[in-house]
Amino acid sequence: MTPLLTVSNVSRDFIKSLDLVAKFLNRLGQDHREEIVHAVDDVSLEVFKGEVVGIVGESGCGKSTLGKMVAGILTPSEGQVRFESANKSDDGPPDDLKTQMIFQDPFSSLNPRKKVIDIVTEAPIHHGLIKASEKREFAIEMLNRVGLDAEALGRYPHQFSGGQRQRIGIARALAVSPELLVCDESIAALDVSIQAQVLNLFAKLKQDYDLTYLFISHDIGVIEHISDRVIVMYLGRIVETAPIEAFVEQPNHPYTKALLEGVPRLEIGQRDYEPVSGEIPSPLDPPSGCHFHPRCKHSTERCKTVRPALIEIAPDHFSACHLNDSD
Amino acid sequence: MAPILDVRNLQTHFFTKSGVLKAVDGVSFQIGAGEIVGLVGESGSGKSITGFSILGLVDAPGRIVGGEILFKGNDLTKLPATDIQKMRGSRIAMIFQDPMMTLNPVLRIETQMTEAIQTHDSSVSKDEARRRSRDALGMVGISSPDERMRAYPHQFSGGMRQRVSIAIAMLNRPDLIIADEPTTALDVTIQGQVIHEMQQLCRKTKTALLWITHDLAVVAGISSRICVMYAGRIVEQGPNDVLIGSPMHPYTNGLLGSVPSQNLRGQPLQQIEGIVPSLLNLPPGCAFENRCGRALAQCKQSAPEETVMDDQRILRCFNKVEQS
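Scoring rules and cut-offs
Residues numbered from 1 in each chain as written. Chains lettered and ligands numbered in written order. Predicted model: local features only at pLDDT ≥ 70, side-chain atom pairs only at ≥ 80, totals over all residues. Core = buried A, V, L, I, M, F, W, Y, C linked by C-beta atoms within 7 Å. Buried ≥ 20, exposed ≤ 12 C-beta atoms within 10 Å, placed from the backbone. Helix = DSSP H or I, 4+ residues; strand = E, 2+ residues; numbered from the N terminus. Domains from an automatic or database assignment. Contact = placed C-beta atoms within 7 Å. Nonpolar A, V, L, I, M, F, W, Y, C, P; charged D, E, K, R; others polar. Pairing = 2+ DSSP bridges. Axes fitted to C-alpha atoms, helices over the stretch in contact; angles between N-to-C directions. pLDDT = per-residue confidence, 0-100.

1. A word on the nonpolar core
Here comes step 1: With 175 residues, the main nonpolar core has A:Leu214, B:Trp211, B:Leu216 and B:Val228 as its most contacted residues.
Here comes step 2: Residue contributions to this core peak at 7 residues, all from helix α7 (residues 158-170) of chain B.
Here comes step 3: The residue makeup of this core includes at least three contributed by each of domain 1 (5-91 + 176-185 + 196-315) and domain 2 (100-171) of chain B.
Here comes step 4: For A:Leu214, the contacting residues outside a window of four places in its chain are A:Val47, A:Val53, A:Ile55, A:Gly67, A:Val70, A:Leu180 and A:Val182.

2. Some words on helix α9 (residues 254-262) of chain A
Here comes step 1: For α9(A), the full list of buried residues reads A:Pro254, A:Tyr255, A:Thr256, A:Ala258, A:Leu259 and A:Gly262.
Here comes step 2: Taken together, the buried residues of α9(A) touch α7 (220-226), β8 (229-234) and β9 (237-243) of chain A together with α8 (188-205) of chain B.

3. Let's talk about the interface of chain A and chain B
Here comes step 1: Listed by partner, the interface residues are 38 residues for chain A and 41 residues for chain B.
Here comes step 2: At 8 residues, helix α6 (residues 192-209) of chain A tops the list of elements feeding residues into the side of chain A that touches chain B.
Here comes step 3: Each residue belonging to the side of chain A that touches chain B can be placed in one class, and the counts come to 17 nonpolar, 13 polar and 8 charged.

4. Description of the pairing of strand β6 (residues 92-95) of chain B
All names here are of chain B.
Here comes step 1: Where burial is concerned, the two faces of β6 agree: the one with Ile 92 and Met 94 and the one with Ala 93 and Ile 95 are both buried.
Here comes step 2: Bridge count between β6 and strand β7 (residues 176-180): 4 bridges; the pairing is parallel. Each residue of the ladder has a partner; that of Ile 92, found in β7, is Leu 176.

5. Quick look at the sheet that holds strand β7 (residues 212-217) of chain A
Residue and element names in this part refer to chain A.
Here comes step 1: Sheet architecture is open: 8 strands sit in the order β5-β6-β7-β3-β8-β9-β11-β10, paired in mixed fashion. Where the open sheet ends on each side, the last strands, each with one partner, are β5 (99-102) and β10 (311-314). Mean inter-strand twist for the sheet, computed between neighbouring axes without regard to direction, equals 25°.
Here comes step 2: In this structure, strand β6 (residues 180-184) lies alongside β7, joined through 5 bridges in parallel fashion. When the sheet's bridge partners are listed, Cys 183 is paired in β7 with Phe 215.
Here comes step 3: Strands β5 and β6 of the sheet are contacted by helix α5 (residues 162-174), whose axis makes an angle of about 170° with β5.

6. As for the confidence of the model for chain B
Here comes step 1: The predicted model of chain B averages 88 in pLDDT, with 98% of residues at 70 or higher.
Here comes step 2: The ipTM assigned to the predicted complex is 0.78, against a pTM of 0.85.

And the structure:
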């Protein structure tokens, strides 16, 4: 089976170039260098049709940058992102419309000066998927899919609550009949009870319209709930990818274990927290070798110098840790 | 033993142009020494305003219009502003969600910490204040505190800054700390560290802690009592295991059901339909009535009063959830 999405050896750097003063000082013999952040560092992944792949990681791990590259908002510095539609047809929408993104903040991702009807229908009209004369019926259909009424059509984004706005954002993404939705912290800004509503909506849409999700979140509870497969990132690299059962029951990488232990859970009840030590290092100057070694209690000399490769430790379960080396 | 803090029927209202907004409307709870109490609610439930009211930080058009806040026996609502100011930062301290907003960006950490000590006790010498600040930083797990005291807030990471504000809160050995979403802005591993420090501190120093948050899972892990707020009222409060194990209020029950957990993977989450009503025109009956699956006719007419149950739970509901 060919994957719907193939990301191969993708990297993305952000470079802060030298300003005029630094250039001038360099001429005078000082040594000022460009600052480079390797936001995403040699990442490969595949997403198959109908899967929900969760990407989890803390701030600065590059999960959002990766999501934006998949959605085509950023171009990779190196490597390739390839999308292959599962049902190709010549008269359908082009392949680059098949990936749509749903953003974190429902307040800043909707144009405040447009009515809902225009927000939802702008893209399909522009791409010639529907005629302008059909836009009202089309918009009603889309809003119904996400659980909003037709009376929402003539209103502006500020007249809705956070959860409703996120639904409008989802309707806008659905309007171009995508196959892959990239959800970047899509429910992080919502209240708990509203989060549950939107999560259920995602699950329903997946069934009804045969969607595939790349679900990016820092919230491990949410990732565990919705994903079939989980990718754990740390400072720009994938440290572990595993099917959800293995992720929950047999996490391999020390970082994944630390993450899972740190999650507050209702089931456990009162307990003492035993946290991992240390800060998340700056992505400007990541540690050598394995990025996690300064915080890892198992780290050895080798971890400080050699970058561990992502190797398969069980079917479909990959981990980048020297502890798995056989010798 | 008398509780450190005893809030009785607190009412804080905001008098706006469009009407009276009852942000806090009849809230009562107690915290004992060394106890951690969780105050949980969604946005707009009044949980932060409850915290601000205790510290006397409610600004116009808001005002405490009723009730008592007994702190070690003294009613804070009756004290003059200058007395409350003396207590703020010494006997009662607050930790906010965003430490970047509470630390002064142009002053060194050292200056901010010694200032907090000397303002409340001018007899403390500069050296003594510096020594105490350094110890406080060490206590919250900041390595090489001597050097770090010379740094400015922007030189710290988010988790470190939150530790600094915890250290500042602890400086004068307060009897009560009010923490408003202290770990919400932090990453999982850093959140674990901060919670760990707070747990240790409360145990060691017998400081009472009010932990205000929207995250049920966090308070379930640390607090001995939990209060659940909805639309300005505590709808259910009780000991941790009682409340989490067998919630009786339909809102608590729904809230617990909507937290994704490992046991329910892939199944639809229990969801609470609808949205929080506007605090400007709350219904005369129970504020949760329009979203409640168990609403009765009487829920529309009158608001349920607080009832004390056998298991030390206090509940506001006419038709409680019976756990099977």
